[in-house]
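Overview (structure and organization)
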Amino acid sequence: MIKKLSAYLEDKKIPYLMTREPGGIDIAEKIRSIILNPEHTTMDARTEALLYAAARRQHLAEKVIPALQKGVMVLSDRFVDSSLAYQGYARGLGMEEVRSINEFATDHLSPDLTLYFDISPEQGLARIAANQGREVNRLDMENLSFHDKVREGYLILAKQEPDRIQVIDASLSQEEVFCSLITKLRCVIEDI
């Protein structure tokens, strides 16, 4: 969807920066390779959470904050909510504990809008398996109950912050999902 949105924004001549987490810049991409490496199955949950926060900080400092200071819209594939759902909730570290280290890392920076694409873990994992060009990382290899907990964590966050976190039914067709995405963006950005 982010690639489809990127093309849409280019057609509309709306300036934006597209990026991802973890990654987006050299240092964060190196941290990403450590976090998501399928060989690192023994990584401690706290180590994982701290590495995500470290990658996030460097990414913000080098790429996101400078873009925001120039008035550029930033589209990021994942941000703090992912750490809250994955490490805080599914790994059992506690959402508030993970939120605390990320508030330090982000200096309390938060998105104006977060779109959560909700799909059952079974369907999501089936899509990953069917997409032969996509990387399969260490988190994709987790068991189904882990992915159920991640989804549960995201839905808890969406209930806690319904104005910021908008849920999109990702089980629908790509066109239906994209139309829903644009509708939700129009609530925040007038020119879309």
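This text goes with the structure placed above it.
Residues numbered from 1 in each chain as written. Predicted model: local features only at pLDDT ≥ 70, side-chain atom pairs only at ≥ 80, totals over all residues. Heavy atoms only, no water.

1. What to know about unusual backbone geometry
Here the amide bond leading from Glu 21 into Pro 22 is cis, since omega sits at -15°, within 30 degrees of zero. Following the sequence through the fold, Pro 22 ends up in the loop between β1 (16-20) and α2 (26-35). (Helix = DSSP H or I, 4+ residues; strand = E, 2+ residues; numbered from the N terminus.)

2. Things to note about the nonpolar core
Grouped burial of nonpolar side chains is what soluble globular proteins tend to show. Core analysis: the biggest nonpolar cluster contains 26 residues, and Tyr 86, Val 150 and Tyr 154 have the highest contact counts within it. Sorting the residues of this core by element identifies α2, α3 (45-69), α4 (80-90), α5 (95-106) and α7 (144-160) as the ones contributing at least two each. Per-element tally for this core: the top contributor is α4, with six residues. Sequence-distant contacts of Tyr 86, defined by excluding residues within four places in its chain, comprise Arg 78, Arg 91, Leu 139, Phe 146, Val 150 and Tyr 154. With 15 residues, the next largest nonpolar core counts Leu 9, Tyr 16, Leu 113 and Ile 182 among its residues. (Core = buried A, V, L, I, M, F, W, Y, C linked by side-chain atoms within 4.5 Å. Buried < 20%, exposed > 50% of the residue type's maximum accessible area, 1.4 Å probe, protein only. Contact = heavy atoms within 4.5 Å.)

3. Some remarks on the environment of Phe 117
Take Phe 117: it is sitting in strand β3 (residues 114-118). Along the backbone, Phe 117 and Ala 61 are 56 residues apart, and their C-alpha atoms lie at a distance of 27 Å. In contact with Phe 117, other than residues within four places in its own chain, are Met 1, Ile 168, Ala 170, Val 177 and Leu 181.

4. Brief notes about the pairing of β3
Of the two faces of β3, the one holding Thr 114, Tyr 116 and Asp 118 is buried and the one holding Leu 115 and Phe 117 is not buried anywhere. In terms of strand pairing, β3 meets strand β4 (residues 165-169) through five bridges, oriented parallel. Paired with Thr 114 across the strands is Ile 165, a residue of β4. (Pairing = 2+ DSSP bridges.)

5. A few points about helix α6 (residues 121-130)
By the burial criterion, the buried members of α6 are Pro 121, Gly 124 and Ile 128. Looking straight down α6, one finds that the buried residues subtend no more than 65° of arc, so they occupy a single side. In this structure, α6 carries Ala 129 and Ala 130 as exposed residues pointing more than 90 degrees from its buried face. The inward-facing, buried residues of α6 abut α7. (Arc of directions from axis to C-beta.)

6. Quick notes on α5
With twelve residues, α5 extends 16 Å between its outermost C-alpha atoms, agreeing within 8% with the 16 Å of an ideal straight helix rising 1.5 Å per residue. Residues of α5 that are buried include every one of Met 95, Val 98, Arg 99, Asn 102, Ala 105 and Thr 106, and no others. An end-on view of α5 places all buried positions within 120° of arc, on one side of the element. Exposed side chains of α5 directed beyond 90 degrees from the buried face belong to Glu 96, Glu 97 and Phe 104. Those residues of α5 that are buried lie in contact with α3, α4 and α7. Following α5 by one or two positions, Asp 107 has its phi on the positive side, about 55°. (Expected span 1.5 Å × (residues − 1).)

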